[in-house]
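Fold and geometry: a report
As a plain string of letters, each chain reads:
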Amino acid sequence: MIQVVRESTLTPEDLEEGERRSLQDPASVAWNLSTTSFYKSGGRPWRIAEVREGVCYVGLVFKRIENAKGQDNACCGAQMFLSTGEGVVFKGAVGPWHSEADNSFISVRRRPRN
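Heads up: these notes are all about the structure in this document. (Residues numbered from 1 in each chain as written. Predicted model: local features only at pLDDT ≥ 70, side-chain atom pairs only at ≥ 80, totals over all residues. Heavy atoms only, no water.)

Focus: the sheet that holds strand 1 (residues 56-66)
In space, the 3 strands of this open sheet follow the order 1-2-3, with antiparallel pairing throughout. In the strand order of this sheet, the two ends are held by strand 1 and strand 3 (87-91), each with one partner. Shown here is a sheet whose adjacent strand axes are inclined to one another by a mean of 15 degrees, direction ignored. Alignment of strand 1 against strand 2 (residues 72-82), held across 11 bridges, turns out to be antiparallel. The residue bridging Y57 from the neighbouring strand is F81, located in strand 2. (Pairing = 2+ DSSP bridges. Helix = DSSP H or I, 4+ residues; strand = E, 2+ residues; numbered from the N terminus. Axes fitted to C-alpha atoms, helices over the stretch in contact; angles between N-to-C directions.)

This is the structure we're talking about:
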């Protein structure tokens, strides 16, 4: 397998101000590159301890994201892992999924009726 990394990912400070793009912090870039390389070389960088054979484990996470306009949005992610350590991560759309009223995350924002 091939891992493609843009030069600007490794040295973003070399770009002109108008050419810069939003990147993760250096620790996250290093983590993502190292775990990806390890996995592509046949390793399993993580595995749930003491899992039952043939069972699929699913986890959900919600993350609050403040956009440039100061609006409070959120994103939902799901992680699915098998007993073998293989897994898949799903990332949902960013949207108005956070409710300030009760500090919860909702899948459908109800709109007032006219």
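A closer look at helix 2 (residues 26-40)
Across its 15 residues, helix 2 extends 21 Å between first and last C-alpha, which sits within 8% of the 21 Å expected from 1.5 Å per residue. One or two steps after helix 2, the chain reaches G42, where phi turns positive at roughly 105 degrees. (Expected span 1.5 Å × (residues − 1).)

What about the environment of I2?
Looking at the element boundaries, I2 is found in the segment before helix 1 (7-10). With 38 residues separating them along the chain, I2 and K40 place their C-alpha atoms 8.5 Å apart.

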